[in-house]
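Listed below are the residues making up each chain.
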Amino acid sequence: MGLSSDNLFLENLPQPYRNLFRSRLEEVSLPAGTVLYEAEQVPRYAFFITSGLASKMVSMSDGHTAEIGLAGSEGVIPCYYLLGGDPTSPARCIVQTEVTAWRIPFPELRREVQLSEPLRQLVMKCAQRRSMILSQLAACNRLHEAEQRLARWLLTAHDLTGASSILLNQVLLAEVLGARRTTVTLAAGALRRRKLISYRRGHIQILDRARLKEAACECYETVSSLFQNYYG
Ligand SMILES: [Zn+2]
């Protein structure tokens, strides 16, 4: 870990501003389950992930939860709230697989976004991509089956982390998919029986990526294309 492990957002800042800005960031390593910001609260920090994966989740009053966004080393967390307005939301952001990141106090970055045009441009591009992904996931959560969505999620997680084995428990998976645990167990069991994934002690491994793509809903390709050419 060090300056070599990087984040696409930071890489897209123009020099010499990039080096100046980076000198204000602090490197952190955060285990799965860490809350990056809590619902209805002003975020304490903003994060630029360099490895690992975080999910944006909405919880209902009955405790049911669903994922409405996911992010890796392509952008900044949080994003929309950096542009102004109310900095709180009904969503929380949680680390899914161990994350390394650069962080900066959220109020400091929010001020900086007002001062720096290159920074604001990147935040707007990131916000646009995130909102497109959010709208696809909103439809996916309603229209597609748990097995298709699990396949979609695992492929995207693999793309974002570069790791073929993902440590996840069934509770987290159920929260991500907005499904009951029994539904997730059945979906994971079906993918395992078809030898698309293996599942042992919380480690999910992709065994056959090509066939897992066929098992996923079309949202995988849509979301995947939104992660391509991110600041183009
Ligand atoms: Zn879908």
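That block above? That's the structure.
Residues numbered from 1 in each chain as written. Predicted model: local features only at pLDDT ≥ 70, side-chain atom pairs only at ≥ 80, totals over all residues. Heavy atoms only, no water.

Caption draft 1: A look at the packing of aromatic side chains. Scanning the model with the defined rule gives nine aromatic pairs in all. On the numbers, 6.0 Å between centres and 85 degrees between planes, the contact of Phe9 with Tyr231 is edge-to-face. Note that Phe9 is positioned in helix H1 (residues 8-11) and Tyr231 in the segment after helix H9 (219-227), a separation of 222 residues in sequence. Here Tyr17 and Phe21 contribute two aromatic rings whose centre-to-centre distance is 5.9 Å and whose plane-to-plane angle is 20 degrees, an arrangement assigned as stacked. You can see Tyr17 and its partner Phe21 sitting in helix H2 (residues 17-22), four residues apart, about one turn around the helix. Comparing Tyr17 with Phe21 shows no difference in burial state: the two are buried. Over the ring of Tyr45 we find Arg103; its NZ or CZ atom is 3.9 Å from the centre of that ring. (Phe/Tyr/Trp six-rings, centres within 6.5 Å; stacked < 30°, edge-to-face > 60°. Helix = DSSP H or I, 4+ residues; strand = E, 2+ residues; numbered from the N terminus. Buried < 20%, exposed > 50% of the residue type's maximum accessible area, 1.4 Å probe, protein only. Lys NZ or Arg CZ within 6 Å of the ring centre and 35° of its normal.)

Caption draft 2: View of the nonpolar core. Within the largest apolar cluster, 76 residues are counted, with the highest numbers of intra-cluster contacts made by Phe9, Phe21, Phe48, Val76, Ile77, Leu109 and Leu212. When sequence neighbours within four positions are dropped, the list of residues in contact with Leu212 reads Ala151, Leu154, Leu155, Leu191, Leu196, Ile197 and Ile206. (Core = buried A, V, L, I, M, F, W, Y, C linked by side-chain atoms within 4.5 Å. Contact = heavy atoms within 4.5 Å.)

Caption draft 3: A look at the coordination of the zinc ion. The coordination sphere of the zinc ion, as far as protein atoms go, consists of Cys140 (SG), His144 (ND1), Cys217 (SG) and Cys219 (SG), spread over 2.1 to 2.4 Å. Of note is the zinc ion, whose four donor atoms meet at the metal with angles of 100 to 121 degrees in an arrangement that counts as tetrahedral. Each donor residue of the zinc ion lies on one chain, and together they are spaced C-x3-H-x72-C-x1-C. Residues Cys140 and His144 agree in their burial class; the two are buried. (Donors = N, O, S within 2.8 Å, 3.2 Å for Na, K, Ca; no water. Tetrahedral: all angles 85-135°; square planar, octahedral: opposite > 155°, others 65-115°.)

Caption draft 4: Examining empty space enclosed by the protein more closely. Scanning the entire structure with this criterion turns up one cavity of 30 Å³ or more. Considering only enclosed or pocket space, the largest cavity measures out at about 190 Å³ in volume. Forming the walls of the largest cavity are 17 residues, and the residues nearest its centre are Tyr37, Lys56, Gly69, Ala71 and Arg130. Among the elements of the structure, strand S3 (45-59), strand S4 (65-71) and helix H4 (117-143) are those that each provide at least two residues to the lining of the largest cavity. When grouped by side-chain class, the residues that make up the lining of the largest cavity number 13 nonpolar, two polar and two charged. (1 Å grid on protein atoms, 1.4 Å probe; cavity = no way out; pocket = protein on both sides within 12 Å on 5 of 7 lines; lining within 4 Å. Points joined across faces, edges and corners; volume = space filled by probe spheres on them. Nonpolar A, V, L, I, M, F, W, Y, C, P; charged D, E, K, R; others polar.)

Caption draft 5: Just H9, in detail. Listed as buried for H9 are Cys219, Tyr220, Val223, Ser224, Leu226 and Phe227. Angular distribution of buried residues about the axis of H9 spans 160 degrees; they occupy a single face of the element. Where H9 terminates, the next one or two residues include Asn229, which has phi positive at roughly 45 degrees. (Arc of directions from axis to C-beta.)

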